Amino acid sequence: SDMKPTADYFTAAIPEPWQILGLRLKSFSLGHYRILKRFKCAFVDDETSQVTREDLIFGVLVCSMTPKEFMQLLNEGDLVGEAQKWGEKCGLFDLNEKAQLFKDYIDAHSVVPPYWEGEEGKPSGAHWAQCVESTLRSKLGWTDEEIDTQPLSKAFADYFKQAESDGMIKLMTPDEIKLTEAQCPD
C-alpha cells in the first residue's frame, strides 16, 4: 500500500481528531483495521475497488467507537438498527467527497516512518497486520487494548523502531528524509 512516510513520531502518536458524517472518529487503529478487513469493507479490502454508501457508513460507525465497544454492539446490541438510525440521520451526502475524507483519515493514521531496507530476509507468509501485532505484543509488551486502540501510525512507528533495533532496517534521519523528498516529490 502507498503509505506516506513521515518523520514526526509525535503526530503519529497523537493524530489530529477527525469528524465525518457528524461522528467524531477515534484514532484509526490496528483493531479498527482488523474489523473493517473482517467485514470486507472496501476501504481496506484489496479485492474491492468500488466503495458503497454502506461501506462508508459501516467504516465511520466502526471508527467512531473503540473496537471493544463495536464488538459489544455487534454481539449484544442492535448493530443493524443503530446503523440504519444513524444512516437516516446522515441524510443525503456526497458519497465521493465523504469516501475520500474517510480514505484520507485512514491514510493519515497509517503513516509508516521512512527507512532504508536492511539485510533481505525471506518475507513472512503472515499478513502485515499479524506481523505488526505479534511484534508489538511479544517484543514491546503492548496489551490487547493498546493494540486495539492506539493510532496505527504509532503502532507502525514502534514496530519499525523495533525492526531497526533488531538490525532489519535503518530509520531515515530528518536530513535523509528531506533529501529523498527533494529527489522524489509527490
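Notes on the structure follow. Everything numeric here is computed off the predicted structure, so don't read it as measured data.

About the criteria used
Residues numbered from 1 in each chain as written. Predicted model: local features only at pLDDT ≥ 70, side-chain atom pairs only at ≥ 80, totals over all residues. Heavy atoms only, no water. Phe/Tyr/Trp six-rings, centres within 6.5 Å; stacked < 30°, edge-to-face > 60°. Helix = DSSP H or I, 4+ residues; strand = E, 2+ residues; numbered from the N terminus. Buried < 20%, exposed > 50% of the residue type's maximum accessible area, 1.4 Å probe, protein only. Salt bridge = Lys/Arg side-chain N within 4 Å of Asp/Glu carboxyl O. Axes fitted to C-alpha atoms, helices over the stretch in contact; angles between N-to-C directions. Parallel < 35°, antiparallel > 145°, perpendicular 65-115°, else oblique. Left-handed = near helix turned anticlockwise from the far one by under 90°. Contact = heavy atoms within 4.5 Å. Nonpolar A, V, L, I, M, F, W, Y, C, P; charged D, E, K, R; others polar.

### Some thoughts on the packing of aromatic side chains
Any two aromatic rings considered together are summarised by their centre-to-centre distance and by the angle between their planes. Applying the stated criterion to the full structure yields eleven aromatic pairs. Pairing Phe28 with Tyr105 gives two aromatic rings, centres 5.9 Å apart and planes at 75°, and the pair type is edge-to-face. Of this pair, Phe28 sits in the loop between β2 (23-25) and α2 (30-38) while Tyr105 sits in helix α6 (residues 95-108), placing them 77 residues apart in sequence. The buried category is assigned to Phe28, whose relative accessible area is 1%. The exposure class of Tyr105 is buried, given its relative accessible area of 0%. Arranged with centres 6.4 Å apart and planes meeting at 75°, the rings of Phe39 and Phe70 form a pair that is edge-to-face. With Phe39 in the loop between α2 and α3 (53-63) and Phe70 in helix α4 (residues 67-76), this pair connects stretches of sequence that are 31 residues apart.

### Observations concerning the pattern of salt bridges
A full pass over the atoms with the stated rule returns ten salt bridges. Salt-bridge contacts for Glu133 lead to Arg137; the nearest nitrogen and oxygen are separated by 2.9 Å. Of this pair, Glu133 and Arg137 are both found in helix α7 (residues 128-138), four residues apart, which corresponds to roughly one turn of the helix. Look at Glu133 and you get buried, because its relative accessible area is 16%. Note that Arg137 and Asp144 form a salt bridge whose closest N and O atoms lie 2.5 Å from each other. Residue Arg137 is classed as partly exposed on the basis of its relative accessible area of 35%. The exposure class of Asp144 is partly exposed, given its relative accessible area of 49%. Taken together, the shared-partner salt bridges in this structure form one network comprising Arg34, Glu133, Arg137, Asp144 and Asp148.

### A few points about unusual backbone geometry
Most peptide bonds take the trans form, and the phi angle of most residues other than glycine is negative. One non-glycine residue with positive phi stands out, namely Leu21, at about 50°. Mapping Leu21 onto the fold places it in the loop between β1 (18-20) and β2. The phi dihedral of Lys40 falls on the positive side, at around 50°, and the residue is not glycine. Following the sequence through the fold, Lys40 ends up in the loop between α2 and α3. The exposure class of Lys40 is exposed, given its relative accessible area of 57%.

### As for the packing of α2 against α3
The geometry of α2 relative to α3 is characterised by a closest axis approach of 10 Å and an angle of 150° between their N-to-C directions. Between α2 and α3, the angle falls in the class roughly antiparallel. Relative to α3, the crossing made by α2 is right-handed. Where α2 approaches α3, its residues His32, Ile35 and Leu36 are matched on the opposing element by Phe58, Gly59, Val62 and Cys63. Of the residues belonging to the contact of α2 with α3, the class tally is five nonpolar, two polar and no charged.

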